Amino acid sequence: MVSSETQTQLQQSEDKIKDLHRWTVHVEVRLKTRASARFDTVRNHVHTFIESFGRLFLPSTLDGWEEVPELASSVEMITVCESPCPESSLSMDEMNIQIHVYKPSDGDAFEEFSNSSGNLNDADDTMAASLCELPNRSHEGLWDSLIYADDIKMKLLDYIHATIVFSDANVDFNLVSWNRVVLLHGPPGTGKTSLCRALAQKLAIRLSHRYSNARLLEINSHSLFSKWFSESGKLVQRLFTSITELVEEEDGFVVVLIDEVESLTAARAGAMAGTEPSDGLRVVNALLTQLDKLKQRKNVLIMATSNLVKAIDSAFVDRADILQYIDLPSREAIYEILRSCLCEIMKKGIVASVSVPTLKQVQMYEIVKSTGRSDISEGQDKPRNVGLRLLALASACRAQGMSGRALRRLPVLALARNIGIGNINIGGPTSSKENQGASVEVWLDGMEKAVKDHAKESEKLI
Ligand SMILES: Nc1ncnc2c1ncn2[C@@H]1O[C@H](COP(=O)(O)OP(=O)(O)OP(=O)(O)O)[C@@H](O)[C@H]1O
Ligand SMILES: [Mg+2]
């Protein structure tokens, strides 16, 4: 005979085992600026709403919440985020859902740290850092817009998660320690700065149950070199004193972004060789000392970027827990980036709407094409041709080693140089549906020419 207490215990351990076998799925709920509902009330309603679905697609944006009055009044968007799960959808009993409700703050709430010593007559005063509240509306959508081949974004999130697990377990820092520093390096225009901002935004959303507020402090590395000889080390110290004050607020999370960190840390080697003034040495030493102090704090993350990693002081590089190379986009990533550009200009009525195949679909079309078979169903011809042309364009961009930055401006160049502003009819409120935008073929022609132009211009640079 099993006692009811033992039965309960058995049930609890069964539940735990089930939970271990479930995939954690994060659902982000963005609230309207004027929403006044309590976050936990919204979370409960969203939970009930989600349970009405048999399965959830990963990733996806949910519809239908507009029919629930409590959600309609407060919610702006509900997103099911990407997950490490290899399946494209999961049923309710395969998931452990975590709902994150957030209200992004509006973009203009920036505060700045001056590098002056408070002297109002100092005309050369530049801003040493800017501070912004997170989550912030200006960083919305950034995370999803960044496309990388080898799951870099997930790796970064996993790193944060790992540090939280260790911190929560109160691991002895003398035995196992980390520096809370992530360094992203790679060629220009590969999205390093954007990725830091996007990660900061993501953390603010995902950690909102632990921290009541989050902030991103962006350091302007160049401004820390004072025109006053020997002052720069002090500037770094002063800035980090302000950072320490921010971090002292234990229910706030602070992400510090040191963009183009090589300009701060390149100087030590030169100083040691006697070719640089000792100011550089002081800056690097001050920075390293301050970083070592900050690593004791749970609620801070330092993110640095560089496109000249060899120029960075090795003691700084050694402090990076993650040294992540961000490469130029692969052909597949380029396809996704170009597809997102095309879909956006279709959505805004600049190009007539057609369905543009996903990467998986177009890869299938490519295989079918290479086997010489033609079993595409009727009506699929146009999307297939658009997809295959876009994929060929992606190959051409890859051959030229184009950066994400160069890719994202292609549509503008295509319009300005090759299509001609006068040749398209942008859908205004009066134009009919059929009359909206240039045809997709005209756009693809224009984009192909823009890529060829880019190749010619790049040759001249060599
Ligand atoms: N992999 C990518 N996926 C999508 N967009 C990208 C990618 N790489 C770059 N971009 C886009 O390129 C633009 C420039 O990115 P960003 O300024 O973050 O690059 P960066 O690596 O910091 O460049 P730099 O080294 O010159 O400072 C952004 O608009 C970003 O969205
Ligand atoms: Mg940058």
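Everything that follows concerns the structure shown earlier in this document.
Presented here is an overview of the structure given in this document. Since the structure is predicted, the reported quantities are computational estimates derived from the model, not experimental observations. (Residues numbered from 1 in each chain as written. Chains lettered and ligands numbered in written order. Predicted model: local features only at pLDDT ≥ 70, side-chain atom pairs only at ≥ 80, totals over all residues.)

1. As for the site of ligand 1
Part 1: Taken together, 19 residues lie around ligand 1, and Gly191, Lys192, Thr193, Ser194 and Gly404 are the ones closest in.
Part 2: Of all the secondary structure elements, the ones that give two or more residues to the shell around ligand 1 are helix 6 (192–206), helix 12 (331–347) and helix 15 (404–408).
Part 3: In terms of residue class, the shell around ligand 1 is made up of seven nonpolar, nine polar and three charged. (Near = placed C-beta within 6 Å. Helix = DSSP H or I, 4+ residues; strand = E, 2+ residues; numbered from the N terminus. Nonpolar A, V, L, I, M, F, W, Y, C, P; charged D, E, K, R; others polar.)

2. Focus: the environment of Arg215
Part 1: Among the secondary structure elements, Arg215 is positioned in strand 10 (residues 213–219).
Part 2: Owing to 21 C-beta atoms within 10 Å, Arg215 belongs among the buried residues under this scheme.
Part 3: Each C-alpha atom of the pair Arg215 and Leu131 lies 6.7 Å from the other, and the pair is 84 residues apart in sequence.
Part 4: Once residues lying within four places of it in the same chain are set aside, the contact partners of Arg215 are Leu131, Cys132, Glu133, Leu134, Leu246, Gly252 and Val254. (Buried ≥ 20, exposed ≤ 12 C-beta atoms within 10 Å, placed from the backbone. Contact = placed C-beta atoms within 7 Å.)

3. Looking at the environment of Ala304
Part 1: In this structure, Ala304 sits in strand 12 (residues 300–306).
Part 2: Among the residues examined, Ala304 registers 29 C-beta atoms within 10 Å and is labelled buried.
Part 3: Beyond its immediate chain neighbours, meaning those up to four positions away, Ala304 contacts Val181, Leu183, Ile258 and Val261.

4. Considering unusual backbone geometry
Part 1: Between Leu58 and the following residue, Pro59, the backbone shows a cis peptide bond with an omega angle of -10°.
Part 2: Tracing the sequence through the fold places Pro59 in the loop between strand 2 (55–57) and strand 3 (60–61).
Part 3: The backbone of Arg180 sits at a positive phi, close to 60°, despite the residue not being glycine.
Part 4: Classification of Arg180 by C-beta neighbours within 10 Å gives buried; the count is 23.
Part 5: Even without a glycine there, the phi angle at Glu260 is positive, about 50°.
Part 6: As for its position among the elements, Glu260 is in the loop between strand 11 (252–258) and helix 8 (262–265).

5. Considering the pairing of strand 1 (residues 23–31)
Part 1: As paired elements, strand 1 and strand 6 (residues 95–102) share eight bridges and run parallel to each other. Across the sheet, residue Val25 finds its bridge partner in strand 6, namely Ile97.
Part 2: In this sheet, strand 4 (residues 75–80) lies alongside strand 1 in antiparallel orientation, the contact comprising five bridges. The residue of strand 4 that forms the bridge with Leu31 is Val75. (Pairing = 2+ DSSP bridges.)

6. Some points on the sheet that holds strand 6
Part 1: Here we have four strands laid out as an open sheet, ordered 3-4-1-6, and mixed in their pairing. Sheet topology places strand 3 and strand 6 at the edges, where each strand pairs with a single neighbour.
Part 2: Running at roughly 140° to strand 6, helix 2 (residues 39–51) makes contact with strand 1, strand 4 and strand 6 of the sheet. (Axes fitted to C-alpha atoms, helices over the stretch in contact; angles between N-to-C directions.)

7. Topic: the packing of helix 16 (residues 410–419) against helix 17 (residues 440–461)
A pair of packed helices is captured by two measures, namely the crossing angle of their axes and the spacing between those axes.
Part 1: Where helix 16 contacts helix 17, the axes come no closer than 8 Å and their chain directions differ by 95°. For the element pair helix 16 / helix 17, the angle class is roughly perpendicular. Between helix 16 and helix 17, the residues in contact are Leu410, Leu413, Ala414, Leu415, Arg417, Asn418 and Ile419 and Val442, Trp443, Gly446, Met447, Lys449, Ala450, Val451 and Asp453, respectively.
Part 2: Class assignment for the residues of the contact of helix 16 with helix 17 results in 10 nonpolar, two polar and three charged. (Parallel < 35°, antiparallel > 145°, perpendicular 65-115°, else oblique.)

8. Focus on the nonpolar core
Part 1: Judged by nonpolar contacts, the single largest core of 85 residues is most densely connected at Val255, Val256, Ile302, Met303 and Leu338.
Part 2: In terms of residues, this core owes the most to one element, helix 6, which gives eight residues.
Part 3: Residues contacting Met303, with those up to four places away along its chain left out, are Val182, Cys196, Leu199, Val255 and Leu257.
Part 4: With 14 residues, the next largest nonpolar core counts Val27, Val29, Leu71 and Val80 among its residues. (Core = buried A, V, L, I, M, F, W, Y, C linked by C-beta atoms within 7 Å.)

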